[in-house]
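# Remarks on the overall topology
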Amino acid sequence: MNYCTNCGQKINESSRFCTKCGSKEVKDNNLSPTPKTRMEKKKSRSKTRLMAGVGSIMALLLVSGVTYSMVKGSHKPKPNTNVAATKTITPAKNKDVENKSKPSQNQQPKKDESSTLSSKDTILPASDKRVMQEEDLATLTKGQLRLARNEIYARHGYIFKSEDLQKYFANKSWYHPNPSFDGSLTEVEKQNVAIIKSRENHL
């Protein structure tokens, strides 16, 4: 009995070709079948080729990753160290501070009734705008304190009953009698009336 040298199929001695794969038979009966060995060799070659392919792919991916990292690193934006830009911004901030702390030349302070009264026309020009302090009243006599206290009412046009007060305020250009004035004062004015009155009582 002979064996096919390609697939190991038993074939008759009279047959010249393998009935399974068509290969020419081996006439030597002492030869053992070798298909298994050949299959193992084929598997080994396929495995070697597969490993080589996988290794090539991994190497390609590694090279691509390194190249990408290098290219990305070279395109990082550099910090802006433009000195000229810094110099342009700094003065702008300083200018804003100056505008807040100093009024513009075109801006004129608002004028109110008390600001038009000079110290010559009144004893306490700001008594309707801020609360008086001790130093504001320190140099005033008792008579001056009385006039200063009534100045607060005179600004509203209060018509005085005392003749001396009528004559005194009638000589002031800013005094305009107002019969409809009901004696209402602002909180600042009320405080100043009380402060001046207290100072009068201590003299």
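Residues numbered from 1 in each chain as written. Predicted model: local features only at pLDDT ≥ 70, side-chain atom pairs only at ≥ 80, totals over all residues. Heavy atoms only, no water.

## Side note on the pattern of salt bridges
Counted only if it meets this: Any Lys or Arg side-chain nitrogen found within 4 Å of a carboxyl oxygen on Asp or Glu counts as a salt bridge. Going along the chain from the N terminus, every DSSP run of H or I of four or more residues is numbered as a helix, and every run of E of two or more is numbered as a strand. The rule is simple: take the accessible area with a 1.4 Å probe, protein chains only, and divide by the maximum for that residue type; under 20% is buried, over 50% is exposed, in between is partly exposed.
Summed over the entire model, instances satisfying the criterion amount to 4 salt bridges. Here R146 ties to D164 by a salt bridge, and the two come within 2.8 Å at their closest N and O atoms. Taken together, the residues R146 in helix 4 (residues 142-154) and D164 in helix 5 (residues 163-170) connect sequence positions 18 residues apart. Judged by relative accessible area, which is 28%, R146 ranks as partly exposed. Two residues, K190 and E187, come together in a salt bridge whose shortest N-O distance is 3.9 Å. Of this pair, K190 and E187 are both found in helix 6 (residues 187-201), 3 residues apart, which corresponds to roughly one turn of the helix. For E187, a relative accessible area of 53% puts it in the exposed group.

## As for the side chain of E200
To be explicit about the condition: Contact definition: two residues touch when any of their heavy atoms are within 4.5 Å.
Structurally, the position occupied by E200 is in helix 6. With residues up to four places along the chain from it excluded, the contact list for E200 reads K142, L145, R146 and R149.

## Examining the packing of aromatic side chains
The test is simple: Each Phe, Tyr or Trp ring (for Trp, its six-membered ring) is paired with any other whose centre lies within 6.5 Å, and the angle between the two planes then decides the class: stacked below 30 degrees, edge-to-face above 60, tilted in between.
For the coordinates displayed, the defined rule picks out 8 aromatic pairs. Aromatic side chains Y153 and Y158 sit 5.8 Å apart centroid to centroid with 55° between the ring planes, which places their arrangement in the tilted category. Residue classification places Y153 among the partly exposed residues on the basis of a relative accessible area of 22%. Y158 gets classed as partly exposed once you look at its relative accessible area, which sits at 30%. Between F160 and F169 the ring centres are 4.9 Å apart and the planes differ by 15°, which places this aromatic pair in the stacked class. Each member of the aromatic cluster is reached from another via a ring pair, and the members are Y153, Y158, F160, Y168, F169, W174, Y175 and F181.

## Considering a nonpolar patch on the surface
Put simply, the rule reads: Within the patch definition used here, like charges are joined within 9 Å and nonpolar side chains (Val, Leu, Ile, Met, Phe, Trp, Tyr) within 5 Å, considering only residues with over 30% relative accessible area and no salt bridge. In these tables, accessible area is a Shrake-Rupley quantity obtained with a 1.4 Å probe, and a residue counts as shielded only by the protein chains included in the view.
A cluster of nonpolar side chains, contributed by L50, V54 and M58, occupies part of the molecular surface with about 310 Å² of accessible area. The topology assignment puts L50 in helix 1 (residues 35-74). Accessibility expressed as a relative area gives 57% for L50, which makes it exposed.

## Side note on the packing of helix 4 against helix 6
To keep it simple, the criterion reads: Axes, fitted as lines to C-alpha atoms, cover a helix only where it is in contact. Angles between the N-to-C directions of the axes lie from 0 to 180 degrees. Angles are sorted into four bins: roughly parallel if under 35 degrees, roughly antiparallel if over 145, roughly perpendicular if 65 to 115, and oblique for all others. Each crossing gets its handedness from the near helix: less than a right angle anticlockwise from the far helix is left-handed, clockwise is right-handed. Polar here means any residue outside two lists: the nonpolar Ala, Val, Leu, Ile, Met, Phe, Trp, Tyr, Cys and Pro, and the charged Asp, Glu, Lys and Arg; Gly therefore counts as polar.
Two numbers describe how helix 4 lies on helix 6: the axes approach to 9 Å, and their chain directions differ by 165°. It follows from the interaxial angle that helix 4 and helix 6 lie roughly antiparallel. Both helix 4 and helix 6 take part in a crossing whose hand is left-handed. Between helix 4 and helix 6, the contacting residues are K142, L145, R146, A148, R149, I152 and Y153 on the first element and E189, N192, V193, I196, K197, R199 and E200 on the second. Of the residues belonging to the contact of helix 4 with helix 6, the class tally is 6 nonpolar, 1 polar and 7 charged.

## As for the nonpolar core
In summary, soluble globular proteins display a tendency toward joint burial of nonpolar side chains. The test is simple: For this analysis, a nonpolar core means a set of buried residues of the types Ala, Val, Leu, Ile, Met, Phe, Trp, Tyr and Cys, connected via side-chain atoms within 4.5 Å.
Membership of the largest hydrophobic core is limited to 11 residues, which are L124, M132, L137, L140, L145, A148, I152, F181, L185, V193 and I196. Broken down by secondary-structure element, the contributors of at least two residues to this core are helix 4 and helix 6. For this core, the element with the most residues is helix 4, which contributes 3 residues. Beyond its immediate stretch of four places on either side in the chain, L140 contacts I123, L124, L145 and L203. With 7 residues, the next largest nonpolar core counts A154, F169, W174 and Y175 among its residues.

## Quick notes on helix 4
What counts here: Multiplying 1.5 Å by the residue count of a helix minus one yields the expected span of that helix.
The end-to-end C-alpha distance of helix 4 is 18 Å, a good match for the 18 Å that 13 residues give at a rise of 1.5 Å each. Its buried side turned inward, helix 4 meets helix 3 (134-137), helix 5 and helix 6.

## Considerations on the confidence of the model for the protein
Parts of the model with low pLDDT should not have their predicted coordinates read in detail. What counts, and what does not: One number per residue, pLDDT, summarises how confident the predictor is, and it ranges from 0 to 100.
With 65% of its residues at a pLDDT of 70 or more, the protein has an overall mean of 75. Counting interchain partners and residues more than four positions distant, the pLDDT-below-50 stretch residues 81-116 has 5 contacts.

## Comments concerning the state of the cysteines
Convention followed: Any two cysteine sulfur atoms within 2.5 Å of one another count as a disulfide.
Evaluation of the coordinates by the stated rule reveals 0 disulfides. Free cysteine C4: the closest other cysteine sulfur is in C21, separated by 3.4 Å. Judged by relative accessible area, which is 1%, C4 ranks as buried.

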